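Residue strings, one per chain:
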Amino acid sequence: MTESRAVSPLHRPLDATVRPPGSKSITNRALLCAALAPGESTLTGALFADDTRAMMQAVAALGASVTADPPSRTVTVAGGGAPAPGAIVDARQSGTTSRFALPAAALFPTRTVVDGTAQLRARPFGPVLDALRQVGAKVEELGEPGFLPAAVSGPMHGGAVHVSGHISSQFLSGLLMAGPLMRDGLEVSLTSELVSVPYVEMTKAVMASFGVTVEGLTVRPGAYTPRVYDIEPDASAASYFLGAAAIAGGRVTVSGLGTASLQGDVRFADVLERMGATVTRTGDSLTVTRSGPLHGIDVDMADISDTAQTLAAVAVFADSPTRVRGIGFIRGKETDRIAAVVTELRRAGIDAVEDEDGFTITPGTPAPARFETYEDHRMAMSLSLLGLRAPGIEILDPTCVAKTYPDFFADLDALTR
Ligand SMILES: O=C(O)C1=C[C@@H](OP(=O)(O)O)[C@@H](O)[C@H](O)C1
Ligand SMILES: C=C(OP(=O)(O)O)C(=O)O
């Protein structure tokens with residue numbers, strides 16, 4: 001029988017402070033930059049989850065020496081090495097690990113194979129494989145063209161490269177991070193509109209911390225410098241707790257996510273503010289309080305699409321419909337997230353409709369439901385929020401949260417205890 005997890009309704013408003021684990025996106029960028037920096041770097045506040053363990057193993061396969069200490073959330077990386085012949089990167093389910101490791105592996109003359117789970121093999125890789133060929137890498141598609149597994153080898157001359165932006169920003173981020181170690185550096189031109197823009201700003205910020213400047217989308221040849229780097233809590237993970245405050249009422253403060261956060265997903269709080277919640281921002285925290293009604297909104301979430309499913313859950317409890325736009329590309333994530341969120345909300349009797357580039361949700365009272373999660377951590381975490389107000393909500397395959405947040409259900413319990 002498939003494992004499931006019940007969520008119990010809350011009978012009082014929330015009044016809690018939480019600190020989610022480290023940012024997945026920053027951890028995986030810092031691991032890669034540290035691996036490319038000759039010398040020892042120390043990452044503090046790191047995330048320990050499937051996606052970041054995949055990256056730790058990936059950079060080890062590329063020649064870094066990695067020492068992880070989960071209790072202190074610290075990782076030490078001795079960088080500047082090279083992969084052994086026949087290196088294999090198993091990116092598991094991780095888009096960032098695979099899309100960042102491919103350009104990094106192609107810096108070296110040895111052949112590295114990059115692969116992942118069946119789910120990752122179904123996600124698009126054509127744009128990065130094509131871009132690597134443009135800058136001189138040898139690329140072999142070992143399965144279907146444009147998909148994993150793929151083998152790459154270098155070195156790369158770099159220079160001008162064209163890459164699409166509308167499928168995923170991760171292709172661009174991965175290329176930029178490898179850019180300084182290409183002979184001529186890298187000058188990227190986008191052939192289509194970029195989605196998930198704040199993640200590219202994050203890439204530039206982490207690269208800058210490791211001593212490499214990106215101007216526009218141009219990187220000059222250069223070297224990373226090792227350093228001690230502190231990672232802030234994960235803003236996408238925080239969206240579930242901020243969403244919980246919106247749904248249950250009361251106050252939730254997320255500590256460690258201040259106004260200078262590198263993560264675009266902190267702007268999920270702005271979305272809740274537009275719906276009628278009160279948001280307080282400080283240099284080191286983000287607080288959402290809700291006492292009055294929530295209103296439906298029409299919102300483009302192309303910049304912050306990992307929080308679209310969280311908003312879908314919140315929208316159920318508003319007093320008018322919510323339309324989410326600009327996120328057609330999330331059909332290519334862990335699952336088709338637009339189809340999945342609509343199917344599951346309908347399972348609970350909610351009027352949810354798929355649009356080509358998003359979804360529309362009409363508020364209602366969720367009926368008891370056992371939600372499918374499609375091996376998508378964000379389906380499990382988002383849909384669990386419905387259980388804070390509606391009785392009889394169960395989440396199937398709850399351990400899929402291990403991709404980015406192994407302790408999610410324990411932390412949700414602690415928040416509501
Ligand atoms: O660069 C990153 O760290 C990420 C970029 C986003 O992906 P896309 O650029 O594919 O939208 C986001 O959904 C993912 O969770 C992490
Ligand atoms: C889309 C996600 O991850 P990735 O693309 O890194 O696998 C996510 O964490 O929601």
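About the criteria used
Residues numbered from 1 in each chain as written. Chains lettered and ligands numbered in written order. Predicted model: local features only at pLDDT ≥ 70, side-chain atom pairs only at ≥ 80, totals over all residues. Heavy atoms only, no water. Domains from an automatic or database assignment. Contact = heavy atoms within 4.5 Å. Buried area = accessible area lost by both parts, 1.4 Å probe. Salt bridge = Lys/Arg side-chain N within 4 Å of Asp/Glu carboxyl O. Polar contact = N/O pair within 3.5 Å; in protein donor to acceptor, adjacent residues only side chain to side chain. Phe/Tyr/Trp six-rings, centres within 6.5 Å; stacked < 30°, edge-to-face > 60°. Buried < 20%, exposed > 50% of the residue type's maximum accessible area, 1.4 Å probe, protein only. Lys NZ or Arg CZ within 6 Å of the ring centre and 35° of its normal. UniProt positions renumbered as here; feature names shortened; annotations may be inferred. Helix = DSSP H or I, 4+ residues; strand = E, 2+ residues; numbered from the N terminus. Pairing = 2+ DSSP bridges. Axes fitted to C-alpha atoms, helices over the stretch in contact; angles between N-to-C directions. Near = heavy atom within 4 Å. Areas by Shrake-Rupley, 256 points an atom, 1.4 Å probe, with all protein chains shown as cover.

Describing the domain arrangement of the protein chain
Parsing the protein chain into structural domains produces domain 1 (4–21 + 233–415) and domain 2 (24–218). Computed from C-alpha coordinates alone, the two centres of domain 1 and domain 2 are separated by 29 Å. Counting from both sides, the interface comprises 23 residues of domain 1 and, opposite them, 22 residues of domain 2. When the two sides are added together, the surface that domain 1 and domain 2 hide from each other amounts to roughly 1800 Å², 52% of it contributed by carbon and sulfur. Three residues stand out in domain 1 for area buried against domain 2, namely Leu 262, Phe 329 and Lys 403, and they jointly supply 33% of the buried area on that side. Summed over the shared surface of domain 1 and domain 2, the number is 1 salt bridge. The partner of Lys 403 in a salt bridge is Asp 51, and the shortest N-O contact between them spans 2.8 Å. In this structure, the connection of domain 1 to domain 2 is made through 11 residue pairs in polar contact (both at pLDDT 80 or more).

Some details on the packing of aromatic side chains
Taken as a whole and assessed by the stated rule, the structure comprises 6 aromatic pairs. Pairing Phe 408 with Phe 409 gives two aromatic rings, centres 5.1 Å apart and planes at 75°, and the pair type is edge-to-face. Phe 409 matches Phe 408 in its accessibility class, with the two residues each being buried. One aromatic cluster is present, built from ring pairs that chain together Tyr 240, Phe 241, Tyr 405, Phe 408 and Phe 409. Directly above the aromatic system of Phe 125 lies the positively charged group of Arg 99, at a separation of 4.7 Å from the ring centroid.

Thoughts on the UniProt feature "binding site: phosphoenolpyruvate" (unreviewed entry) in the protein chain
Annotation from UniProt places "binding site: phosphoenolpyruvate" (unreviewed entry) at Lys 24, Gly 95, Arg 123, Gln 170, Arg 337, Arg 378 and Lys 403. Note on placement: Arg 378 falls in helix α12 (residues 377–384). Every residue in contact with Arg 378, bar those within four places of it in the chain, is listed here: Ser 236, Tyr 240, Asp 306, Gln 309, Arg 337 and Thr 404. Following the sequence through the fold, Lys 403 ends up in the loop between β23 (393–396) and α13 (408–416).

Remarks on the sheet that holds β23
Spatially, 3 strands are ordered β1-β23-β22 in an open sheet, and the strand pairing comes out mixed. Two strands bound the open sheet, and with one partner strand each, they are β1 (4–7) and β22 (369–371). Direction aside, neighbouring strands of the sheet carry axes that sit 25° apart on average. Relative to β23, β22 runs parallel, the two sharing 3 bridges. Its bridge partner being in β23, Ala 369 is matched across the sheet by Ile 393.

With respect to the UniProt feature "binding site: 3-phosphoshikimate" (unreviewed entry) in the protein chain
Per the UniProt record, "binding site: 3-phosphoshikimate" (unreviewed entry) is annotated on Lys 24, Ser 25, Arg 29, Ser 168, Ser 169, Gln 170, Ser 196, Asp 306 and Lys 333. Note on Lys 24: relative accessible area 9%, which makes it buried. With near-sequence residues (within four places) excluded, Lys 24 lies in contact with Leu 47, Asp 51, Thr 52, Thr 96, Asp 234 and Thr 404. Inspection of the secondary structure assignment puts Gln 170 in helix α6 (residues 170–178). Residue classification places Gln 170 among the buried residues on the basis of a relative accessible area of 14%. Not counting residues within four places of it along the chain, the set of residues in contact with Gln 170 comprises Gly 95, Thr 96, Arg 99 and Phe 100.

Observations regarding the pairing of strand β4 (residues 65–69)
Across 5 bridges, the pairing between β4 and strand β5 (residues 74–79) is antiparallel. Residue pairing for β5: Thr 67 is matched across the bridge by Thr 76. Adjacent in sequence and paired antiparallel, β4 and β5 are bridged by 4 residues, among which Arg 73 carries a positive phi angle near 55°.

Considering the pattern of salt bridges
Evaluated as defined, the whole model comprises 25 salt bridges. Between Asp 270 and Arg 281 there is a salt bridge, with its nearest N and O atoms 3.0 Å apart. Of this pair, Asp 270 sits in helix α9 (residues 268–275) while Arg 281 sits in strand β16 (residues 278–281); the two residues are 11 residues apart in sequence, bridging distant segments of the chain. Of the residues examined, Asp 270 reaches a relative accessible area of 32% and is grouped as partly exposed. Taken together, the shared-partner salt bridges in this structure form one network comprising Lys 24, Asp 51, Asp 306, Glu 334, Arg 337, Asp 376, Arg 378 and Lys 403.

Some words on the site of ligand 1
Around ligand 1 lies a shell of 13 residues, among which Ser 168, Ser 169, Ser 196, Asp 306 and Lys 333 are the nearest. A distance of 2.6 Å is found between an oxygen atom of ligand 1 and a side-chain nitrogen or oxygen belonging to Ser 25. Arg 29 is positioned such that a nitrogen or oxygen atom in its side chain is 2.7 Å from an oxygen atom of ligand 1. In isolation ligand 1 has 390 Å² of accessible area, and contact with the protein removes 96% of it. Sorting the residues of the shell around ligand 1 by element identifies α1 (24–36) and α3 (95–105) as the ones contributing at least two each. Two domains each put at least three residues into the shell around ligand 1: domain 1 (4–21 + 233–415) and domain 2 (24–218).

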